[in-house]
Amino acid sequence: MAPETTEVKQRQKATTHSNGQSGPGSLTGAEILVKTLLDLDVDTIFGYPGGAVLGIYDTLFQHPELKHILIRHEQGGTHAADGYARAKGKPGVVLVTSGPGGTNTVTGIATANMDSIPMVVFTGQVASGMIGNDAFQEADIIGITRPITKHSYLVKDVNDLEESIREAFHIASTGRPGPVLVDLPKDMVMSKGVYTGKREVSIPGYKPVIRGHNSQIAKAAEILSKAKRPLIYAGGGVLLSDAAAELTALAEKTNIPVTTTLMGLGGFPEGKPQSLGMLGMHGTWYANMAMTECDVLLAVGARFDDRVTGRLDGFSPNSRKIHIDIDPSCISKNVEVEVPIVGDAKLVLPELTQMMKKPSVDQWWKTLITWKKEHPLKVPESNEVIYPQRLIEQISEVTHGEAIMVADVGQHQMWLAQHYQFNHPRSMLSSGGLGTMGYGFPAAMGAALGCPDRTVFCVTGDGGFQMTAFELATAVENKVPVKIAIMNNGYLGMVRQWQELFFEKRYSHSVLHQSNPDFVKLAESYGATGFRVKTPDEVMPTLKKAMEINNGPVVMDFLVAPEENCYPMVPAGAALNEMVEG
Amino acid sequence: MTQGKTPEQTGFMKHTISVLVKHSFNALSRIVGLFSGRGFDIDSISFGQGQEPGLARITITTRGDEQIIEQISKQLHKVVDVLKVHDLTYEPFVERELALVKVSATKATRSEIMQLVNVFRAKIIDISPETLTIEVTGSQDKVDAAVGMLRSFGIIDIARTGSVALKREFQGET
């Protein structure tokens, strides 16, 4: 929706309110909730009803303009809201009941928290007078989710409800985004209170710094301009701040190479000559070597995660380090940084670009180009066996690199990150921080519901897909055209790879092929389309058929090379330049 | 993470951190939770009403190297209900702790204990045929010293508030 339209719509709503259609104390908590959500431009809720929230569900019944997606398990709801948020750039909204409804959201909230994804989760709660009595379906959900939420609210007065909701959305979506939980006791939902329509939010303890300090930016520009072997290391913050264009402008003006983290994929177009692809544990050989050899490192919206740095004392040992981040606690947490710049990448990067002189990087590029030629990512060729790396390339071809790709967690996630060419922001959705198996499919469904104009592919494994496969019912019911590519190797692939390399091939509880379901029949039983693909020559025709199905999910069961390993690989405890190339 | 080790063993310095928070139901548990969740130590913590209703002052004494203390301070800042975080360690500040110490006291030891109480400018606030309860106020070090001296008489019970502290104001040119 164009911003102008939104503005007009919001103004109309405000006018409606000032006409006095809702006098003080005339709305139930449930009505205030729905009215506030609509005013905040929420269009989709992922939810599951239950005793404590029946009042809200009754109100939703009267408001078809607020689309409610009935997920089949609350975990699927939080992942779907997460996928929606990552793809669309708006907070995902979840509504669940008290007790088990709340506890089932925990994995999804923790996933969003680790990757700084804006999300607001409404949980029902037992009536305020019952709290603490071990009432039916009571859980201290605020306590349970405290370490995995950015903030939380327990609404104790229906007249505070609207303000709490507005604050929750503000906190979730500003600064370093994250999930916020709002706990709604049953009596708050039913009793009557005031809706003010007042949009301004003022939270005294919460003022994220968005403008970078000018002299720090100048210092960074000076160091970078004189660099001989500079490198930009871009993380998920670039996407969260919508700063992909600003980052691209900096790299193009200065010709500084860019490597992205898993979370940063799409933050810099991989088709550009400056791209070195992804770095880290399964990053490209040349990105990891560039990180080790660079003399100035500019980190943007990245947090020096252990999967990126490898062994810390071997991480980029000779570089002067500059770090742009909106969260001061990310700076110098794992790696000491010389020039910290606290601010929003979208505002800081253009200032930095403007102050920069082009560094002399020709010699550096000669080295990098040689590395790229000598150590490319490897794609095995075969007419008999489907290799997962080649399969990703084919998905890249069939979608022209334009799809939203959603990964589950494991080998397939790394192959997707390595072999799909990401050229657009918000096109690679993946549980990076928490590494949540079961994330992929429901997140893909949320992304597709948020961005109906884009093709959405879920690349998953036979293990991960089974963790949340029941959401096929949701996808079928809502005609969500997600293309699900299962890389079925009959193993928990990444676990098996580690067992092969570090536990002398003792495949302890990582073998699935004797017990996997027939994924085609599984899909069909939900009313979805299923294809089984056994040979390389069937791959392209199947992908093309899947691209033509737009009225529901397609499950493609690709029987891939069972014991293929993911390389390059930085073994645990090794430095980035100690990669195993396979 | 450093529980049970002395500052000499860890090389960690003691820090007194003063935190002004919105007095909400969740603020204290969020703060305590971030210490346990991230493996930071709390040596003492005190919580009480702040300068105006709706505000609370939390004083935490903790230990760590520079990097740990910087993380503690930054993580505290991130808590939405936190308004101000002040590490008092590097500037003049006043610090007090109150301890109630119940010791065994017989006729024979009573006067010796009372002398000690005078030395520490402490007070006797309860007396029974077998015990004395003493109120000691002062810096954490002074309270530690008083408790140490009283130990030989047999400490029955102890209750300490943890430090409370405020920055010292400018005292004129020196």
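Parameters at a glance
Residues numbered from 1 in each chain as written. Chains lettered and ligands numbered in written order. Predicted model: local features only at pLDDT ≥ 70, side-chain atom pairs only at ≥ 80, totals over all residues. Helix = DSSP H or I, 4+ residues; strand = E, 2+ residues; numbered from the N terminus. Buried ≥ 20, exposed ≤ 12 C-beta atoms within 10 Å, placed from the backbone. Contact = placed C-beta atoms within 7 Å. Rg over C-alpha atoms; globule rule 2.2 N^0.38 Å. Axes fitted to C-alpha atoms, helices over the stretch in contact; angles between N-to-C directions. Parallel < 35°, antiparallel > 145°, perpendicular 65-115°, else oblique. Left-handed = near helix turned anticlockwise from the far one by under 90°. Nonpolar A, V, L, I, M, F, W, Y, C, P; charged D, E, K, R; others polar. Pairing = 2+ DSSP bridges. pLDDT = per-residue confidence, 0-100. Domains from an automatic or database assignment. Expected span 1.5 Å × (residues − 1). Arc of directions from axis to C-beta.

A few words now on the overall build of chain B. A tally of helices and strands in chain B yields five helices and nine strands. Helices (α) and strands (β) of chain B occur, in sequence order from the N terminus, as α-β-α-β-β-α-β-β-α-β-β-α-β-β. Buried residues in chain B amount to 27% of all 174 residues. Considering only contacts in chain B between residues 6 or more positions apart, those separated by 24 or more positions represent 74%.

Helix and strand counts for chain A come out as 24 helices and 20 strands. On C-alpha atoms alone, chain A measures out to a radius of gyration of 24 Å, which is about the 25 Å that the 2.2 N^0.38 rule sets for 582 residues. When the backbone C-alpha atoms are referred to their principal axes, chain A occupies close to 70 × 60 × 45 Å. Buried positions account for 54% of the 582 residues belonging to chain A.

Residues and elements named next belong to chain A. Look at helix 12 (residues 244-254) against helix 15 (residues 345-355): their axes get within 9 Å of each other, and the N-to-C directions meet at 20 degrees. When the axis of helix 12 is compared with that of helix 15, the two are roughly parallel. Crossing angle aside, the handedness with which helix 12 passes helix 15 is left-handed. For the pair helix 12 and helix 15, contact is made by Glu246, Leu247, Ala249, Leu250 and Lys253 and by Ala345, Lys346, Leu349, Pro350, Leu352 and Thr353, respectively. Split into classes, the residues belonging to the contact of helix 12 with helix 15 amount to seven nonpolar, one polar and three charged.

We now examine the pairing of strand 6 (residues 123-127) of chain B. Residues and elements named next belong to chain B. Little of strand 6 is tucked away: zero of the five residues are buried. Examined bridge by bridge, strand 6 and strand 7 (residues 131-138) share four bridges and lie antiparallel to one another. Bridging from a neighbouring strand, Ile127 pairs with Leu132 of strand 7. Between strand 6 and the antiparallel strand that follows it, strand 7, lie three residues.

Another point: the environment of Val580(A). All names here are of chain A. Among the structural elements, Val580 can be located in the segment after strand 20 (554-559). When the C-alpha positions of Val580 and Val570 are compared, they lie 6.2 Å apart, and in sequence the two are 10 residues distant. The residues touching Val580, leaving out its near neighbours within four places in the chain, are Tyr567, Pro568, Met569 and Pro571.

Now for the confidence of the model for chain A. Confidence in the prediction of chain A, expressed as mean pLDDT, is 95, and 96% of residues score 70 or more. Here residues 1-23 of chain A scores under 50 on pLDDT; set against residues more than four positions off or in separate chains, the count is nine contacts.

It is worth spelling out the sheet that holds strand 6 (residues 151-154) of chain A at this point. All names here are of chain A. On the basis of which strands lie adjacent, the open sheet formed by six strands has the order 3-2-4-5-7-6 and parallel pairing. Looking along the sheet, the strands with just one partner apiece sit at the ends: strand 3 (67-70) and strand 6. Here the strands of the sheet are splayed against their neighbours by 20 degrees on average, with no regard to which way each runs. Taken together, the five bridges between strand 4 (residues 92-96) and strand 5 (residues 119-125) define a ladder with parallel strand orientation. Considered in strand 5, the bridge of Val96 is made with Thr123. Its contacts with the sheet place helix 4 (residues 74-88) against strand 2 (44-47), strand 3, strand 4 and strand 5, and it is angled at close to 165 degrees to strand 4.

All names here are of chain A. Each domain of chain A was delimited in the assignment, giving domain 1 (3-193), domain 2 (214-374) and domain 3 (388-559). On a C-alpha basis, the centres of domain 2 and domain 3 stand 30 Å from each other. The interface is formed by 13 residues belonging to domain 2 together with 13 residues belonging to domain 3.

Residue and element names in this part refer to chain A. Taking 1.5 Å of rise per residue, the 12 residues of helix 10 (residues 214-225) would be expected to cover 16 Å, and the 16 Å separating its terminal C-alpha atoms lies within 8% of that figure. Residues Ile217, Ala220, Ala221 and Leu224 constitute the buried set of helix 10. Across the axial projection of helix 10, the buried residues extend over an arc of 100 degrees, all falling on one side.

Another point: the environment of Val147(B). All names here are of chain B. Within the secondary structure layout, Val147 lies in helix 5 (residues 140-150). On the basis of neighbour counts, which here come to 18 C-beta atoms within 10 Å, the residue Val147 falls in the partly exposed class. Sequence separation between Val147 and Gly50 is 97 residues; the distance between their C-alpha atoms is 29 Å. Ignoring anything within four residues of it in the chain, the contact list for Val147 reads Ala99, Val101 and Ile158.

Here we come to the domain arrangement of chain B. All names here are of chain B. What the domain assignment reports for chain B is domain 1 (11-90) and domain 2 (94-167). Its C-alpha centre places domain 1 at a distance of 27 Å from the equivalent point of domain 2. Contacts between domain 1 and domain 2 engage nine residues on the former and eight residues on the latter. At the level of elements, strand 1 (13-22), strand 2 (44-49) and strand 3 (55-64) are the ones that each hand at least two residues to the side of domain 1 that touches domain 2.

Bringing the interface of chain A and chain B into the picture now. Across the contact, 15 residues belong to chain A and 16 residues belong to chain B. Per-element accounting of the side of chain A that touches chain B gives the leading share, three residues, to strand 6 of chain A. Split into classes, the residues belonging to the side of chain A that touches chain B amount to eight nonpolar, five polar and two charged.

As a further point, take unusual backbone geometry. Residue and element names in this part refer to chain A. Going from Tyr567 to Pro568, the amide bond is cis rather than trans, its omega being -5 degrees. Take Pro568: it is sitting in the segment after strand 20. Phi is positive for Lys505, close to 60 degrees, though the residue is something other than glycine. Considering the arrangement of structural elements, one finds Lys505 in the loop between helix 22 (493-502) and helix 23 (519-525). Among the residues examined, Lys505 registers 10 C-beta atoms within 10 Å and is labelled exposed.

Residues and elements named next belong to chain A. Spatially, six strands are ordered 11-10-9-12-13-14 in an open sheet, and the strand pairing comes out parallel. Each edge of the sheet is formed by a strand with only one pairing partner; in this case those strands are strand 11 (275-278) and strand 14 (339-342). Between one strand and the next, the sheet's axes are offset by a mean angle of 15 degrees, whatever the strand orientation. Relative to strand 10 (residues 258-260), strand 9 (residues 230-234) runs parallel, the two sharing three bridges. Residue pairing across strands places Ile232 opposite Val258, the latter belonging to strand 10. Strand contacts of helix 10: strand 9, strand 12 (296-300), strand 13 (320-325) and strand 14, with the helix running at about 135 degrees to strand 14, the strand carrying the most contacts.

What follows deals with the packing of helix 2 (residues 29-39) of chain A against helix 3 (residues 54-61) of chain A. All names here are of chain A. Running from amino to carboxyl end, helix 2 crosses helix 3 at an angle of 55 degrees, the nearest separation of the two axes being 8 Å. On the basis of their axis angle, the class for helix 2 and helix 3 is oblique. The handedness of the crossing between helix 2 and helix 3 is right-handed. Contact with helix 2, carried on its side by Ala30, Glu31, Leu33 and Val34, involves Gly55, Ile56, Asp58, Thr59 and Leu60 of helix 3 and no other residues of that element. Here the contact of helix 2 with helix 3 is composed, by residue class, of five nonpolar, two polar and two charged.

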